[in-house]
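Analysis of the macromolecular model
Residues per chain are reported as follows:
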Amino acid sequence: MDLFEYARNQELEKESPLALRMRPATLDEVVGQQHIIGKGKLLYRAILADKLTSVIFYGPPGTGKTTLARVIANTTSAAFRKLNATTSGKKDMEEVIREAQQRRGMYRQKTILFIDEIHRFNKGQQDYLLPFVEDGTVLLIGATTENPYFEVNAALLSRSVIFELHPLTKEEIRRLLERAVKDPVKGLGNYPIDLDEDAAVFLADIAGGDARAALNALELGVLTTEPDSSGRIHIDLETASECIQRRAVHYDKTGDQHYDTISAFIKSMRGSDPDAAVYYLARMLEAGEDIKFIARRIMICASEDVGMADPQALVVATAASLAVERIGMPEARILLAEAAVYVATAPKSNASYLAVDRAAESVRKIKTSIPGHLMNIHANGEGDEKKAVGYKYAHDYPGHYVEQQYLPDEIRDAVFYEPTENGYEKKVRAYFESLIHIKQE
């Protein structure tokens with residue numbers, strides 16, 4: 001690097017976006033991801049000791065994958081080379097490998113190769129790297145937003161340690177915003193900024209764990225807002241919402257708005273109004289409500305309000321709940337909408353919900369004992385000889401049914417579950433009626 005290139009790089013760094021300038025240079029500056037870089041953790045120790053092995057960082061955008069690579073570059077004694085899989089090809093890799101081999105042979109120096117968006121390399125490109133990772137020519141650091149177990153060569157995975165990065169918490173993003181406002185060197189500390197509390201909360205909330213989005217919005221607000229009469233740049237809630245192109249929905253997730261909106265959402269599904277259900281769903285998502293919380297409420301509604309009228313509703317809601325945790329926003333909105341619409345349009349029954357409550361009331365009020373013929377027999381056949389005597393095995397009888405007492409003597413005639421005429425429960429009711437005929441015969 002000559003003086004002209006050095007000066008050019010320095011100028012580019014000064015003019016680069018705030019999110020890029022604020023990237024930490026050391027481990028102590030990193031915010032978040034304490035589950036992998038907290039003091040005493042494996043990655044923390046490996047970076048400090050400069051004993052890193054090949055790793056793959058996996059997580060959503062803005063969680064610090066490239067940041068950790070930069071920290072490693074500033075810490076290691078090895079040569080550090082970076083490629084982006086979206087713009088680099090095999091020729092670029094060949095050049096890096098050739099340099100690494102020369103450096104290793106002449107100076108006994110290691111080379112760390114950081115590949116951003118590694119999942120974008122095709123199988124052939126990933127296969128090319130394998131022998132050089134295997135023999136130690138390069139130490140690979142891959143970064144990907146996609147699940148590496150699906151997108152990265154299994155052979156490369158077996159030679160790497162996978163570290164999953166989590167979205168930053170709102171508190172962590174708030175800390176980064178405050179640091180950016182105060183830092184006069186890398187941040188915006190030379191500007192006379194007043195960042196309102198509700199604006200900072202909004203940016204941290206709406207960023208969805210992506211520090212880059214919050215910092216970019218803050219910088220845009222500062223650079224485009226005219227100073228007031230006192231010369232201060234005032235970033236209020238309205239300015240913050242304009243800069244991130246999201247309206248500040250009035251929604252207090254710990255207060256009435258939270259409970260009122262989720263109540264309206266559930267009652268709309270219960271009342272079979274899919275339009276209202278997706279409206280309140282969208283309202284919660286726009287306000288940054290926790291998608292896992294929404295998914296849990298859909299599951300509850302599927303069981304409590306749809307129940308046996310359509311048992312598939314709970315299957316759909318549960319599948320959506322698992323899927324949103326794996327996929328995250330923004331795509332999770334589609335999964336939640338499908339589940340909410342399914343539950344809203346399904347036939348309704350609370351019969352099973354009422355049944356368990358009736359049974360619980362009976363348990364609390366009446367002391368009973370389990371009929372002897374239903375009791376368990378020890379595997380070795382030992383124990384109370386009266387246990388299970390007289391039990392009839394249903395599958396030994398026509399229609400796989402035989403009349404038999406299952407409830408305790410004290411409540412032998414109790415009825416807890418009363419199927420309705422809705423949906424699948426109509427079939428359940430018909431089945432019960434057919435059993436009555438068998439009993440009468």
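In this report, the structure presented in the accompanying data block is examined. (Residues numbered from 1 in each chain as written. Predicted model: local features only at pLDDT ≥ 70, side-chain atom pairs only at ≥ 80, totals over all residues. Heavy atoms only, no water.)

Examining empty space enclosed by the protein
- Within this structure, the stated rule accounts for one cavity of 30 Å³ or more.
- Contributing to the lining of the largest cavity are A46, I47, D50, L52, I72, T75 and T76.
- For the lining of the largest cavity, the secondary structure elements donating two or more residues are α4 (42-48) and α5 (65-75).
- The residue inventory of the lining of the largest cavity, partitioned by class, reads four nonpolar, two polar and one charged. (1 Å grid on protein atoms, 1.4 Å probe; cavity = no way out; pocket = protein on both sides within 12 Å on 5 of 7 lines; lining within 4 Å. Points joined across faces, edges and corners; volume = space filled by probe spheres on them. Helix = DSSP H or I, 4+ residues; strand = E, 2+ residues; numbered from the N terminus. Nonpolar A, V, L, I, M, F, W, Y, C, P; charged D, E, K, R; others polar.)

A look at the environment of E117
- In this fold, E117 is placed in the loop between β3 (111-116) and α7 (123-134).
- C-alpha separation for the pair E117 and T66, spaced 51 residues apart in sequence, amounts to 10.0 Å.
- Filtering out sequence-adjacent residues up to four positions away, E117 remains in contact with N84, A85, T86, A143 and T145. (Contact = heavy atoms within 4.5 Å.)

A look at unusual backbone geometry
- Here the amide bond leading from M329 into P330 is cis, since omega sits at 10 degrees, within 30 degrees of zero.
- With respect to the secondary-structure elements, P330 resides in the loop between α17 (312-327) and α18 (332-345).
- Although it is not a glycine, D50 adopts a positive phi angle of roughly 55 degrees.
- Here D50 lies in the loop between α4 and β1 (55-58).
- For H400, which is not a glycine, the phi torsion comes out positive at approximately 55 degrees.
- Structurally, H400 is set in the loop between α19 (351-365) and α20 (425-440).
- Here H400 falls in the exposed class, since its relative accessible area comes to 51%. (Buried < 20%, exposed > 50% of the residue type's maximum accessible area, 1.4 Å probe, protein only.)

Here we look at the sheet that holds strand β4 (residues 139-144)
- With respect to topology, five strands assemble into an open sheet ordered β2-β3-β4-β1-β5, the strand pairing being parallel. The open sheet has two free edges, formed respectively by β2 (79-84) and β5 (161-164), since each of these has just one partner strand. Neighbouring strand axes in the sheet, compared pairwise and without regard to direction, differ in orientation by 15 degrees on average.
- Inspection of the sheet shows β1 paired to β4 by four bridges, in the parallel sense. Within β4, the residue paired with V55 across the bridge is I141.
- Sheet strands in contact with helix α6 (residues 90-107) are β2 and β3, and its direction is about 170 degrees off that of β2. (Pairing = 2+ DSSP bridges. Axes fitted to C-alpha atoms, helices over the stretch in contact; angles between N-to-C directions.)

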